[in-house]
Amino acid sequence: MLTMKDIKKVFRTDLVETHALRDFSLEVNEGEFVAVTGPSGSGKTTFLNIAGLLETFTSGSYVLDGMDVSNLNDKQRSKIRNEKIGFIFQSFNLIPDLDLFDNVDVPLRYRGFNSAERKKRIEESLEMVGLASRMKHLPAQLSGGQQQRVAIARALAGEPRFLLADEPTGNLDTKMAHSVMDLLHEINANGTTIVMVTHDMHLAKQAGRNIFVRDGRVSELHDVSQSEATDAISA
């Protein structure tokens, strides 16, 4: 599903050159649920942005769902991103003056689906996250956990092959976090590949595989002691 090999990402200004990723190599198989952990500044967000085709990289190769996406232009990246990738963010990124139905509808409009197809997808995705009865509510009328479920429904409505979750439980209490994790496991069980960035080691251990990132490089978590990983993340 995802193969990155020797990815380098360098941010340059007139005075400073910052290496965000250094020879970053990772393979994620179709249907996997992978958790990515690591200390702040380790390169996790840069990796996620590159994986989601939101950001380019300096050198290396990236194959997504059998396609080499290393040298695509903005229009080509946008097309693949809209068709194959779903995003879930810590801050939900819902539009406050749109009800749930219209929030889920926004990315579908960009895809050019007709109104009947959009309605079907919206209702099905909101049903899956348990919010079909509230589709005319505004985000402010929901709890944090419910808002995150709407964000997940928005991602699912596009039927992505690949779901990227950036700290999806970061703004939630423990009970709501576990509820969201249960939903992600259900989505994964239905065949969607998931990569989740998190600082929560307890949640990370619930994924099928753990990746630890430090200094722009990646290693399997079993190569890093549990205490070392926890100390590094909380530092």
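Residues numbered from 1 in each chain as written. Predicted model: local features only at pLDDT ≥ 70, side-chain atom pairs only at ≥ 80, totals over all residues. Heavy atoms only, no water.

Thoughts on unusual backbone geometry
If a residue is not glycine, its phi is most likely negative; likewise, a peptide bond is most likely trans. Non-glycine residue Leu53 carries a positive phi angle of around 60 degrees. For Leu53, the location among the structural elements is in the loop between α1 (44-51) and β4 (59-64). Even without a glycine there, the phi angle at Asp215 is positive, about 55 degrees. Relative to the assigned elements, Asp215 resides in the loop between β9 (209-214) and β10 (217-220). Judged by relative accessible area, which is 54%, Asp215 ranks as exposed. (Helix = DSSP H or I, 4+ residues; strand = E, 2+ residues; numbered from the N terminus. Buried < 20%, exposed > 50% of the residue type's maximum accessible area, 1.4 Å probe, protein only.)

Side note on the side chain of Ser70
Its place among the elements puts Ser70 in the loop between β5 (67-68) and α2 (74-84). Using a relative accessible area of 18% as the deciding quantity, one classes Ser70 as buried. A distance of 2.9 Å separates a polar atom in the side chain of Ser70 from the backbone nitrogen of Tyr62. Every residue in contact with Ser70, bar those within four places of it in the chain, is listed here: Phe57, Gly60, Ser61 and Tyr62. (Polar contact = N/O pair within 3.5 Å; in protein donor to acceptor, adjacent residues only side chain to side chain. Contact = heavy atoms within 4.5 Å.)

Here's the deal with the packing of aromatic side chains
Using the criterion set out here, one finds two aromatic pairs in the structure. Ring plane angle 25 degrees and centroid distance 5.2 Å describe the contact between Phe24 and Phe47, whose orientation is recorded as stacked. Here Phe24 is found in strand β2 (residues 17-28), whereas its partner Phe47 is found in helix α1, with 23 residues between them in sequence. Judged on exposure class, the residue Phe24 and its partner Phe47 are both buried. Stacked on the ring of Phe11, the Lys or Arg Lys9 has its end atom at 5.0 Å from the ring centre. Geometry around Phe113 places Arg121 over its ring, the cationic atom sitting 4.1 Å from the centre. (Phe/Tyr/Trp six-rings, centres within 6.5 Å; stacked < 30°, edge-to-face > 60°. Lys NZ or Arg CZ within 6 Å of the ring centre and 35° of its normal.)

Topic: the side chain of Thr46
When you line up the elements, Thr46 lands in helix α1. When residues no more than four places from it in sequence are discounted, the contact partners of Thr46 are Lys9, Phe11, Ala20, Leu21 and Glu55.

Some points on the sheet that holds β5
Taken in spatial order, the four strands make up an open sheet running β2-β1-β4-β5, and their pairing is antiparallel. At either margin of the open sheet sits one strand with a lone partner, and together these are β2 and β5. Taken together, the eight bridges between strand β1 (residues 2-12) and β2 define a ladder with antiparallel strand orientation. Its bridge partner lying in β2, Val10 is registered against His19. (Pairing = 2+ DSSP bridges.)

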